[in-house]
Amino acid sequence: MFEIRERDGLARIGVLETAHGRVATPTLAPVVNPNRPIVPPGDLATRFGAQILITNAYILGKSPGRDAIVRLGIHQFLGFPGAVMTDSGAFQSHVYGDVDVTNAEVMAFQKAIHADFGTMLDVFSEPGHDHNRAAKDVDETLRRAQEAVSLRGEMALVGAVQGGLHADLRERCARSVSSLDVAVCAIGGVVPLLEAYRFRDLVRVIIASKKGLDPAKPVHLFGAGHPLVFPLAALLGCDLFDSASYAKYARDGRMLFPDGTRRASDVRESGCLCPVCMAHPMEKIAAEEILLAEHNLHACFGAIREVRQAIVEGDLWGLAERRARAHPALLDAVRELRRHNEFLEEFEPVSRHGALHYVGPETAHRPILHRFRRRLAERYSAPPAKGLLVFPEGGRPFSERIAHVVDQALQVADVHIAVKSVWGPVPLELDHVWPMCQTIVPEALDLEALEAAEVFFREWAAGAGFSFGLLWEGETTLDELRTRAPGARTVDWSALRIRATADFQFGRGAADALLTGTVSYVISKNTGKIRNVHVNGEHVLSLRAEDGWFTLKAAGARRLSNAFPAPQLRIVVEDDAVPFHREGKNVFAKFVRDADPEIRPGDEALVVSPDDELCAVAQATMNRREMLAFKRGVAAHVREGVPPAPSAPRR
Ligand code: GUN
Ligand code: ZN
């Protein structure tokens, strides 16, 4: 069983239950080479905190000690108390061209030695395989996956995803494999990509596979053991890594670091605080394979802990972007991500704690900012005005920084106001929405970021309905405004803010649905900002100070459910669950029948019965894809139950 505790991007902090204890993910399963176990497996558990390791059933099955291994079982044979995953020999077929074992034989052996997770014998799809050949790899892999399911008995099965570099095949293979009775889905065939630092291809392969994979199942990335790739691979939804890198590099006299690899003989001071580096002089470490292997393991597990902490902090995007500076090939990979924003955006929460920090020009292309710009085009309608007055990037919140000049401008000209921010255009009434308000950017921006900001702005402004745009250049701009858009404009900024946020959050038309009637506000005594929105005396919305989004109240939910047809904004639950939600109980994924594909983690949603009767307002923790896949866990936290509607419609 796999349970998810926290998430960031497609990454998750999860717990995988096994017969040999719990495995906290993301994690690394160190490879134990049965012929050459450099670090004793027992030590992997006690000194390095390994909860799972991987070893090779194909090699064990060929060894002279085969009978003893069967007699003892793999755990006792290795002296490892945690979970043991075994691999099947598919990798050996990549190295040697073929293996003299069948899927059925290797399955039987893995069962006989009591592996916690046994791997089917997949067909290793080389990156160079053309579509035709890779399709055959996939077909045979799927056939063997089905066979392995029928043979697995009590053993949890690892199903492999192949398909080379062909996105359609990866997705198809992933969908078919994860629909089978497998416990772990493993993305295979990527070692040649890792060895050649083809990280951009790796990104494409992982994303194509993730599109087909069941989000409720843990995902293993076969052969990924360099700390350099952990942040990116975890960000894309890989939960388990395995690798012999720590041992292979040690044999070769090399040290792993979170930002790359160094020849030990070139290292005068490692800068590492691991027990090995603290206890021994560098010359001794460089001379002893075991010490190098141990340092490498510490480096790998340290990098894993760093990834987990970044997930908890909601900063895995930041970590992946910062780490991309460690190698140009990794930078290419991070730059590839923007091409997959439509998919990645589905998993982005509506907001995170704290501020969004600028890392580099890539930051502007994160899915959360892609979403902001897309919603601006699709959901935002600018108020009528003759022109647009544009302010440059600068101190935030924008509305406070430029309040004084905005007043001056509106006294002489009929213009609307926007900021040309590094993330794209921000109409002034949306400047409080996360992350526009909570952003830290350098004062001096690099050219690539400025050019992108220019393009984002132009794309929006072209369709925004203003006859001209003018950049604020100081007091002289007032004169120009007087001639180009004579007149004055009285703006109720609170009203504008509420309307724009409503459409932006729930979709075009939401402001009309939510705010028709007599609108009044409760203003916070502390901040002077709007806190609650009442319409005709009913509390409809609350504006959250932390992220600038609305919390939906029952009266607001009723209005939205009348104005927006199903499935928009909805989570449809099973009939049986309805009474519980009316009482305020949370929505479990298991009871979700369907949901609006536009719902994102953190979104406000309407919980409805199969007949579309509103029964609660909730905050989603998952997107639709996840709600339908998970059999465990909360899909949405109910904020308020809604009683059945009286037979006569209420005003
Ligand atoms: N180890 C590294 N790559 C692979 C792969 O594609 N399949 C299996 N089974 N093991 C691997
Ligand atoms: Zn060290």
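Anything mentioned here points back to the structure above.
Residues numbered from 1 in each chain as written. Chains lettered and ligands numbered in written order. Predicted model: local features only at pLDDT ≥ 70, side-chain atom pairs only at ≥ 80, totals over all residues. Heavy atoms only, no water.

Engineer: So, the overall build of the chain: which residues are in play, and what are the values?
Structural biologist: The helix and strand tally for the chain stands at 28 helices and 29 strands. For a compact globule of 651 residues, the expected C-alpha radius of gyration is about 26 Å, and the chain comes in at 28 Å, within 12% of that figure. Expressed as lengths along the three principal axes of its C-alpha atoms, the size of the chain is roughly 90 × 65 × 50 Å. At a minimum sequence separation of 6, the contacts of the chain that also span at least 24 residues come to 69%. By element, 51% of the accessible surface of the chain is carried by carbon and sulfur atoms, the whole surface being about 26700 Å². (Helix = DSSP H or I, 4+ residues; strand = E, 2+ residues; numbered from the N terminus. Rg over C-alpha atoms; globule rule 2.2 N^0.38 Å. Contact = heavy atoms within 4.5 Å. Areas by Shrake-Rupley, 256 points an atom, 1.4 Å probe, with all protein chains shown as cover.)

Engineer: An account of the side chain of Asp-414 is needed here, citing residue identities and associated values.
Structural biologist: Examined against the element boundaries, Asp-414 turns out to sit in the loop between α21 (403-412) and β16 (415-421). Arg-489 is the oppositely charged side chain nearest to the buried, salt-bridge-free Asp-414, at an N-O distance of 4.0 Å. Contacts of Asp-414, omitting those with residues within four sequence positions, involve Pro-384, Ala-385, Lys-386, Gly-387, Ala-485, Pro-486, Gly-487 and Arg-489. (Buried < 20%, exposed > 50% of the residue type's maximum accessible area, 1.4 Å probe, protein only. Lys, Arg positive; Asp, Glu negative; His and termini not counted. Salt bridge = Lys/Arg side-chain N within 4 Å of Asp/Glu carboxyl O.)

Engineer: I'd like a description of the coordination of the zinc ion (ligand 2), backed by residues and values.
Structural biologist: Donor atoms from the polypeptide that bind the zinc ion (ligand 2) are Cys-272 (SG), Cys-274 (SG), Cys-277 (SG) and His-295 (ND1), placed at 2.1 to 2.4 Å. Each of the four donor atoms bound to the zinc ion (ligand 2) contributes to angles spanning 101 to 118 degrees, and the resulting shape is tetrahedral. For the zinc ion (ligand 2), the donor residues sit on a single chain with the sequence spacing C-x1-C-x2-C-x17-H. No difference in accessibility class separates Cys-272 from Cys-277, as the two residues are buried. (Donors = N, O, S within 2.8 Å, 3.2 Å for Na, K, Ca; no water. Tetrahedral: all angles 85-135°; square planar, octahedral: opposite > 155°, others 65-115°.)

Engineer: Which residues make up the packing of helix α10 (residues 199-212) against helix α17 (residues 328-336), and what are the values?
Structural biologist: Relative orientation of the contacting elements α10 and α17 amounts to 35 degrees, with a least axis distance of 7 Å. Where α10 crosses over α17, the handedness of that crossing is right-handed. Contact residues: Phe-199, Arg-200, Val-203 and Arg-204 in α10; Ala-329, Leu-330, Asp-332, Ala-333 and Glu-336 in α17. Of the residues contributing to the contact of α10 with α17, the split by class is five nonpolar, no polar and four charged. (Axes fitted to C-alpha atoms, helices over the stretch in contact; angles between N-to-C directions. Left-handed = near helix turned anticlockwise from the far one by under 90°. Nonpolar A, V, L, I, M, F, W, Y, C, P; charged D, E, K, R; others polar.)

Engineer: Talk me through the side chain of Asn-623; I want residue IDs and the actual numbers.
Structural biologist: Along the polypeptide, Asn-623 turns up in the loop between β28 (614-620) and α28 (624-629). At 3.2 Å, the side chain of Asn-623 forms a polar contact with the backbone nitrogen of Arg-625. In this structure the side chain of Asn-623 is engaged in a polar contact, spanning 2.9 Å, whose partner is the backbone nitrogen of Glu-626. In this structure, Asn-623 is in contact with Glu-346, Phe-347, Ile-599 and Pro-601, ignoring residues within four places of it in sequence. (Polar contact = N/O pair within 3.5 Å; in protein donor to acceptor, adjacent residues only side chain to side chain.)

Engineer: Please give an account of unusual backbone geometry that cites residues and values.
Structural biologist: Cis geometry marks the peptide bond from Arg-396 to Pro-397, where omega comes out at -5 degrees. Following the sequence through the fold, Pro-397 ends up in the loop between β15 (387-392) and α20 (398-401). Residue Pro-435 follows Trp-434 across a cis peptide bond; omega there is 5 degrees. With respect to the secondary-structure elements, Pro-435 resides in the loop between β17 (424-427) and β18 (439-440). Even without glycine at this site, His-114 takes up a positive phi of about 65 degrees. Turning to its location among the elements, His-114 is positioned in the loop between α6 (103-112) and β7 (117-119). The residue Asn-536 is not glycine, and still its phi comes out positive at about 50 degrees.

Engineer: Mind laying out the packing of aromatic side chains, listing which residues take part and the relevant values?
Structural biologist: Overall, the coordinates contain ten aromatic pairs when judged by the stated rule. When the centroid spacing of 5.2 Å and the interplanar angle of 70 degrees are considered together, the rings of Phe-343 and Phe-347 count as edge-to-face. Residue Phe-343 shares its accessibility class with Phe-347, and that shared class is buried. Plain terms: the ring middles of Tyr-380 and Trp-460 are 6.3 Å apart, the flat faces sit at 45 degrees to each other, and that makes the pair tilted. Residue Tyr-380 is found in the loop between α19 (367-379) and β15, and its partner Trp-460 is found in helix α22 (residues 447-462); the two are separated by 80 residues along the sequence. (Phe/Tyr/Trp six-rings, centres within 6.5 Å; stacked < 30°, edge-to-face > 60°.)

Engineer: Tell me about the environment of Asp-98, and name the residues and values.
Structural biologist: Relative to the helices and strands, Asp-98 is located in the loop between α5 (90-96) and α6. Judged by its relative accessible area of 59%, Asp-98 falls in the exposed class. The spacing of Asp-98 and Val-123 is 25 residues in sequence and 9.9 Å in space, taken between C-alpha atoms.

Engineer: Could you give an account of the site of ligand 1, naming the residues involved and the relevant values?
Structural biologist: As a matter of local geometry, ligand 1 sits amid Asp-87, Ser-88, Ala-90, Phe-91, Thr-119, Asp-122, Phe-124, Gln-162, Gly-188, Gly-189, Val-191 and Phe-222. Measuring from a nitrogen atom of ligand 1, one finds a side-chain N or O atom of Asp-87 at 2.6 Å. Here an oxygen atom of ligand 1 and a backbone polar atom of Gly-189 are 2.8 Å apart. Burial of ligand 1 by the protein amounts to 97% of the accessible area it has alone, namely 280 Å². A class-by-class count of the residues in the shell around ligand 1 yields five nonpolar, five polar and two charged. (Near = heavy atom within 4 Å.)

Engineer: Describe the state of the cysteines, with residues and values.
Structural biologist: As enumerated under the stated definition, the model contains zero disulfides in all. Left unpaired, Cys-238 is separated from the closest cysteine sulfur, that of Cys-185, by 11 Å. Using a relative accessible area of 1% as the deciding quantity, one classes Cys-238 as buried. (Disulfide = S-S within 2.5 Å.)

Engineer: Before we move on, could you go through the sheet that holds strand β5 (residues 52-56) and cite the residues and values that matter?
Structural biologist: Hydrogen bonds between backbone groups are what pair the strands of a sheet, and the pairing can be parallel or antiparallel. Around the barrel, which closes on itself, the eight strands sit in the order β4-β5-β6-β7-β8-β9-β10-β11 with parallel pairing between neighbours. Taken pair by pair, the neighbouring strands of this sheet meet at an average axis angle of 25 degrees, ignoring direction. Two elements, strand β6 (residues 83-87) and β7, share two bridges in a ladder whose sense is parallel. If you follow Thr-86 over to β7, its bridge partner there is Gly-118. Here helix α8 (residues 167-179) sits on the sheet and contacts β8 (156-161) and β9 (184-187); the angle it forms with β8, its principal contact strand, is near 165 degrees. (Pairing = 2+ DSSP bridges.)

Engineer: Got a sec to walk through the nonpolar core? Specific residues and values, please.
Structural biologist: Core analysis: the biggest nonpolar cluster contains 127 residues, and Leu-221, Phe-241 and Leu-337 have the highest contact counts within it. If you tally residues by element for this core, the top one is helix α15 (residues 289-313), at twelve residues. Non-local contacts of Leu-337, meaning those with residues more than four positions away in its chain, are made with Val-203, Ile-207, Leu-232, Leu-235, Leu-236, Trp-317 and Leu-344. (Core = buried A, V, L, I, M, F, W, Y, C linked by side-chain atoms within 4.5 Å.)

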